[in-house]
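# Architecture at a glance
Chain residues, written in single-letter form:
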Amino acid sequence: SKATVSVLYWKGGNKKNKKNKTIIVKMSLGSKLDSLLSTPFPNLDKDDVAGALGIVTKCSTEEKIKQELKGLSDEQCDVLMKVLYKGLETGKNSNTLFKWHEWLCEKTGPGCIVRTLTDRAPADDADEDDE
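What counts, and where the lines are drawn
Residues numbered from 1 in each chain as written. Predicted model: local features only at pLDDT ≥ 70, side-chain atom pairs only at ≥ 80, totals over all residues. Heavy atoms only, no water. Helix = DSSP H or I, 4+ residues; strand = E, 2+ residues; numbered from the N terminus. Buried < 20%, exposed > 50% of the residue type's maximum accessible area, 1.4 Å probe, protein only. Areas by Shrake-Rupley, 256 points an atom, 1.4 Å probe, with all protein chains shown as cover. Core = buried A, V, L, I, M, F, W, Y, C linked by side-chain atoms within 4.5 Å. Contact = heavy atoms within 4.5 Å. Polar contact = N/O pair within 3.5 Å; in protein donor to acceptor, adjacent residues only side chain to side chain. Axes fitted to C-alpha atoms, helices over the stretch in contact; angles between N-to-C directions. Parallel < 35°, antiparallel > 145°, perpendicular 65-115°, else oblique. Nonpolar A, V, L, I, M, F, W, Y, C, P; charged D, E, K, R; others polar.

What follows concerns the overall build of the protein. Helix and strand counts for the protein come out as seven helices and two strands. For the protein, the α and β elements follow one another from N to C terminus as β-β-α-α-α-α-α-α-α. Taken over 131 residues, the protein has a buried fraction of 34%. On the protein, roughly 8,500 Å² of surface is accessible, and the fraction owed to carbon and sulfur atoms is 50%.

This part covers the nonpolar core. Core analysis: the biggest nonpolar cluster contains 27 residues, and Leu-29, Leu-33, Leu-69, Leu-80, Val-83, Trp-100 and Leu-104 have the highest contact counts within it. For Leu-104, the residues in contact, after removing those within four places along its chain, are Leu-69, Cys-77, Leu-80, Met-81, Leu-84, Gly-109 and Cys-112.

This part covers the environment of Thr-57. Along the chain, Thr-57 turns up in helix 2 (residues 46-58). Using a relative accessible area of 26% as the deciding quantity, one classes Thr-57 as partly exposed. As for Thr-57 and Lys-92, which are separated by 35 residues in sequence, their C-alpha atoms are 9.7 Å apart. Reaching out from Thr-57, the side chain makes a polar contact with the backbone oxygen of Gly-54 at a distance of 3.3 Å.

The next subject is the environment of Leu-72. Note on placement: Leu-72 falls in the loop between helix 3 (62-70) and helix 4 (74-90). Leu-72 sits 42 residues away from Gly-30 along the chain, and the two C-alpha atoms are 6.2 Å apart.

With that out of the way, let us pick up the packing of helix 2 against helix 4. Two elements in contact, helix 2 and helix 4, have axes separated by 10 Å at closest approach and are oriented at 90 degrees. For the element pair helix 2 / helix 4, the angle class is roughly perpendicular. Judged by residue contacts, Val-49, Ala-52, Leu-53 and Val-56 of helix 2 engage Leu-80, Val-83, Leu-84, Lys-86 and Gly-87 from helix 4. Considered class by class, the residues forming the contact of helix 2 with helix 4 number seven nonpolar, one polar and one charged.

Turning to its location among the elements, Gln-76 is positioned in helix 4. Of the polar contacts made by the side chain of Gln-76, one reaches the backbone nitrogen of Ser-73; its length is 2.8 Å. Look past the residues within four positions of Gln-76 in its chain and what remains in contact with it is Gly-30, Leu-33, Asp-34 and Gly-71.

Take a look at the structure:
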């Protein structure tokens, strides 16, 4: 089964206050990665990858990681590599992120790493005319 993460948003009041509202959002890893497809690696920030990282860090066993990777397209795998590198920048959950990196590289080969590290925003046509 696909891993999902539940995100709780508390609005107004405290736990004793009846005005509290909870919204639960469930997203699969694939759908979260799809939302990042058009964002170049250098432009991703911690807020962009937070949802995907939340799902990734919940799956820390080899079996769960491999199961998640089976359902991802090549493009989603490239985005996942971006997410893993942005997650490693934080220094948190490194052990889990390196497990994902290992199994992702096994699935995709080194091309995924190269595509991530060379990913750039497309050049703006107006900038090219100025040169």
